[in-house]
Structure formats: structure tokens, C-alpha cells
Amino acid sequence: MNKKLKNLFNFTSIMIGFLGFNLSLEAKKNKVESLYKNYCLTCHGKNLEGGLGTALLNLKWLDPRMNDTFTSIVQKGNIENGMPAFDSVIEKEEIRALLVYVQEKSTYSKLDSEKPLSSDASGIYSTQHHDFKFELLHTLEEGIFWSLHFLPQGEILLTQKEGNLFLYRNGFMSKPIRGPKIRYGGQGGLLEAAAHPEYRENGWIYLSYADSLDNNRTSMTSIVRGKILNHRWVEEEMIFQAPKRFHTSQKKHYGSRIVFKENYLYFSVGDRGDASGAQDLKKPNGKIHRIHLDGSIPSDNPFIGLKNAYPTVWAYGVRNPQGLVKHPDLNEIWEVEHGPRGGDELNLIKKGTNYGWPEITYGINYNGTPITSETKREGMEQPIYYWVPSIAMCGIDFYTGKSFKKWKNHLFIGALKARQLERIQLDRGKIIEHEVIFKDKGRIRDVASGPDGNLYFVMDSLDGNSGASVLCRLVPVK
Ligand SMILES: [Ca+2]
Ligand SMILES: [Ca+2]
């Protein structure tokens, strides 16, 4: 064999060996549904209702303090109840997946037994602190409202995922204003809009979107600023654009929310389908970034001194952060991110901090295979709260109005998959109240506390069925 052929032969065998190794690893990853069927169903029942073994439908399994108890019972068994030890047949990460399965089923069973949160005959919703009415302000003929943002004079700036901007005031919706050139498709399009803190003086509007440098083959989250003059998007300037090598054909996990704090601009970029990239400080995906308002890079960003680190990174290890907001009184930035299957998170974003994705997570893969058995690790920040099953949260805002007095500074979280609006009261970084205030309408994309005291949001539809995107608000009932 000549040398060239021999090298090729060796390389091919290595590749086959490598692939074979990967395949065997892949084959070992059992889906949680088949794990449950093979090892648990006989005793715990088809629907986790119990039988020979105890019923597993129990909300106690959602308590993070029960994680180790669950693992230990499955590994070592429970002699008193006649349960054998499974440590030789079920991997630790598979036990983790089984726990997520039990958490999902327990939550769904509780939801099934509850009355839906709907209004009374006169259209009034009753919640813990306030009663409110739901008002529809505008229905979009076509497409999806992705975000809304209040301009200083009370006008609402909206983005449409398909690439347009709209302005709404006093019952009147403007004609579409064409924004920057986008790569539309999947989760990508025109995304967040936010106004400069001195918008009244300078008119700058910042937009994030799925941006392509190669005729829509690949894309990445970019940010531009520009102005709306005479009903046109003008004076566009690039504020953040990652080099071409960081663009990907994937059409998901753009992140993209924008927050202004102390004359800095913070924004989120999802992992773009490259989970391990979220841990790689050389890459811009899976990060929270911080830049000056003109797009230049602050010299005190946390990884500036680190060789080859992406200079705008402020925090890392995030998956798909579709909610980012500044606390109205405290100097804090709050984030929500989509987990995979389970493990959506609420995080308090701090300088230079690693939020763990995908090394630690409370979720599993969509197909039911485990990701990891680890939910915590030294040097990685824990979420303030996590959701199993996933609700797929999107836009968030703190309520700062005067009409709903007992909601002052409460965080409102819109959800896509769960089609609900959640209220969370935080006190010194801890959740002290948590309530779903309505559900079973459409997928909620963004929420904003209005200057008139009402709570505004955009949804993909009114009832979860029709495709028309809507702008709505919650109005207090005295
Ligand atoms: Ca917004
Ligand atoms: Ca995390």
C-alpha cells in the first residue's frame, strides 16, 4: 500500500471507529418513555397512578430538595415497599430524565383537575389581588406581532416578525413600516424593538433581528439602530453584528431582547442550536452581551483580558433568553430562558457569571433522552426558579403603573406553549408569590407595563386557534 492510501485507510478506520463509538453512546441513551415502560410501569401504573408501588403523581417531586431523594430511591430501592435497586440498570442521567417525566405528569394531572382561568359572564377575571377585564385593541390581518415597546409620549412601537414596524396610538394602528433586511423563517425575523433612553432628543430606535450575510443561507442575531421619519425607517446604523463564522443555518434560539441600563445596552443571544457554544467564551452565542449605545465595546467588560474571548460578553451559559428586563427600582437585570423539555429558567444576570447551559439543566431532550444528570455545579449559577414542564416563556416586564396597586414591581411573564400570563413577586432575589393570571388564549410574545396603568401584551391569536396576531391589554375593574 502506498503511503497516501495507507494514510487514507488509517483515517477512515479512525472515523469508522469514532462513528461506531458515537453510535453505541447514542444507542445507550434511552428515551424516558421506554425507561418508564421497562422498569416502572408494572408497579407504578401506566399513568403513574400507582398499584403494587406508590402513586408517582405528586407535586412534591417538583421541589428541588426532593431531587436527591428520588435518585437515591431509584438507585438503592426501597426495601420496605418491595422496590428493588436499579443502580445497575438505569444510568444516573436516565434517573434524572425519569424525574422530569414524573414532574411533567404530576403537573399535567394537577392542571387537568383545575378549572381553567376564565372570566365570568360579564368578562371579569378574578385573581388574588386584582380583578380585571381583557381588552382587544388591534388584530393584525397577517403575520405575527413579536414585541411591543412604549415610546415616551405613550405611543406603542411594535415589531412584526415578518419584518415590519408599526406605531399604535389611541385606537389607531399605523401602516406597516419596512424595517431592516431580515432572514425570515423558523424562529427568525424582525424581533425586539426598544427606544434609546434619550429618545425624545435623538429619536434612536434599536432593533434586533435575524441577519444574514450570505443571501439567507445562514444567520445570526444582529442589532441596528435607526429612526422613523415620515413613516419610513431611515439612518440605519449597525450596532452589533457577529463575524460570518458565527452565523449558522439553524433558524432557532436567537434570544434578542434589549435592555438599557446606566447608558449601556444589554442584549441576549440564544445558543443558535449550538449548545456547547454557550460555554465557549470565544463565541457570541448563548450569551448576554453589553455594549455602549453606539455599539462600541466597554473596556471593563468581564472577559476583555481573556485571550480570544468575545469582547462583548457580559454573562454566559444561557440557552434561549427570550425575556430580559431591568428592575424598575433596583439596579438588576432579570432574564427568562426556554429550557429544552423542562428546565425553563428565571435568572438574575450578574457580570461574568456562568448560567450553566448545557452542563447543568433541569430539563431533558425533546425526544425524551437525558442531557445530563447534573443540575448544579460549583462555579455555575442556579436559576432563581425553574419550570417543569416547560411553559416556553417569551417577553417579560415589571409592572410600574398605578392602577393595579398590589402588582407594583411584580414581574409578568408571557408564555408561548402554556399560553398563559404569570405574575411573580420577588423580594430580595426570592419568589414570594407566583400566580397564573389568565391562560388558554393565544401564545403571548411580549408584555409591557403601560404609562396609563394598564398591562399590555401581544399574542399570536385570541383563542389559540386562529392565526391572527393581536395587541391587547388588561384593564382594572374598580
Ligand atoms: Ca418589549
Ligand atoms: Ca441555567
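Keep in mind the model is a prediction, meaning the values are calculated, not measured.

Draft legend 1. The arrangement of the coordination of the calcium ion (ligand 2) in detail. In this structure, Glu345 (OE), Glu345 (OE) and Tyr355 (O) serve as the protein donors to the calcium ion (ligand 2), at separations of 2.3 to 2.5 Å. Placement of Glu345 in strand E18 (residues 344–349) and of Tyr355 in the loop between E18 and strand E19 (385–387) is noted, with a sequence separation of ten residues between them. Exposure class is identical for Glu345 and Tyr355. Each is buried.

Draft legend 2. How the structure looks around the packing of helix H3 (residues 67–76) against helix H4 (residues 92–113). Between H3 and H4, whose axes approach to 10 Å, the crossing angle comes to 120°. Taken together, the axes of H3 and H4 are oblique relative to one another. The way H3 lies across H4 gives a crossing that is right-handed. Across the interface between the two elements, Asn67, Phe70, Thr71, Val74 and Gln75 from H3 touch Lys92, Ile95, Arg96, Leu98, Leu99, Val102 and Gln103 from H4. The class makeup of the residues in the contact of H3 with H4 is six nonpolar, four polar and two charged.

Draft legend 3. Region of the structure containing the coordination of the calcium ion (ligand 1). All of the protein donors around the calcium ion (ligand 1) are Leu148 (O) and Asp446 (OD); their distances to the metal are 2.5 Å. Remark: Asp446 occurs in strand E24 (residues 444–449) and Leu148 occurs in strand E3 (residues 145–150); sequence separation between them is 298 residues. The same class applies to Leu148 as to Asp446, namely buried.

Draft legend 4. Structural detail: the layout of surface pockets. The computed volume of the largest pocket comes to approximately 1,000 Å³. Of all the secondary structure elements, the ones that give two or more residues to the lining of the largest pocket are H4, E19, strand E22 (420–427) and strand E23 (430–439). When residues of the lining of the largest pocket are assigned to their parent elements, the largest contribution, five residues, is made by E23. Class assignment of the residues belonging to the lining of the largest pocket gives a composition of 19 nonpolar, five polar and eleven charged. Each pocket or cavity is described by its volume, and for the second largest pocket that value is around 870 Å³. Along the wall of the second largest pocket there are 32 residues; nearest its centre are His149, Phe150, Val325, Asp397 and Ser449.

Draft legend 5. Up close: H3. Looking only at H3, the buried set comprises Asn67, Phe70, Thr71 and Val74. An end-on view of H3 places all buried positions within 95° of arc, on one side of the element. Structural note: H3 exposes Asp68 and Lys76 on the side pointing more than 90 degrees away from its buried face. The elements touched by buried residues of H3 are H4 and E19. Phi turns positive one or two residues past the end of H3, at Gly77, with a value near 80°.

Draft legend 6. Structural view of the side chain of Asp214. With respect to the helices, strands and loops of the structure, Asp214 is situated in the loop between strand E9 (205–211) and strand E10 (220–229). Given the relative accessible area of 11%, Asp214 is considered buried. Here the side chain of Asp214 touches Thr218 through a polar contact of 2.8 Å, side chain to side chain.

What counts and what doesn't
- Residues numbered from 1 in each chain as written.
- Chains lettered and ligands numbered in written order.
- Predicted model: local features only at pLDDT ≥ 70, side-chain atom pairs only at ≥ 80, totals over all residues.
- Heavy atoms only, no water.
- Donors = N, O, S within 2.8 Å, 3.2 Å for Na, K, Ca; no water.
- Helix = DSSP H or I, 4+ residues; strand = E, 2+ residues; numbered from the N terminus.
- Buried < 20%, exposed > 50% of the residue type's maximum accessible area, 1.4 Å probe, protein only.
- Axes fitted to C-alpha atoms, helices over the stretch in contact; angles between N-to-C directions.
- Parallel < 35°, antiparallel > 145°, perpendicular 65-115°, else oblique.
- Left-handed = near helix turned anticlockwise from the far one by under 90°.
- Contact = heavy atoms within 4.5 Å.
- Nonpolar A, V, L, I, M, F, W, Y, C, P; charged D, E, K, R; others polar.
- 1 Å grid on protein atoms, 1.4 Å probe; cavity = no way out; pocket = protein on both sides within 12 Å on 5 of 7 lines; lining within 4 Å.
- Points joined across faces, edges and corners; volume = space filled by probe spheres on them.
- Arc of directions from axis to C-beta.
- Polar contact = N/O pair within 3.5 Å; in protein donor to acceptor, adjacent residues only side chain to side chain.

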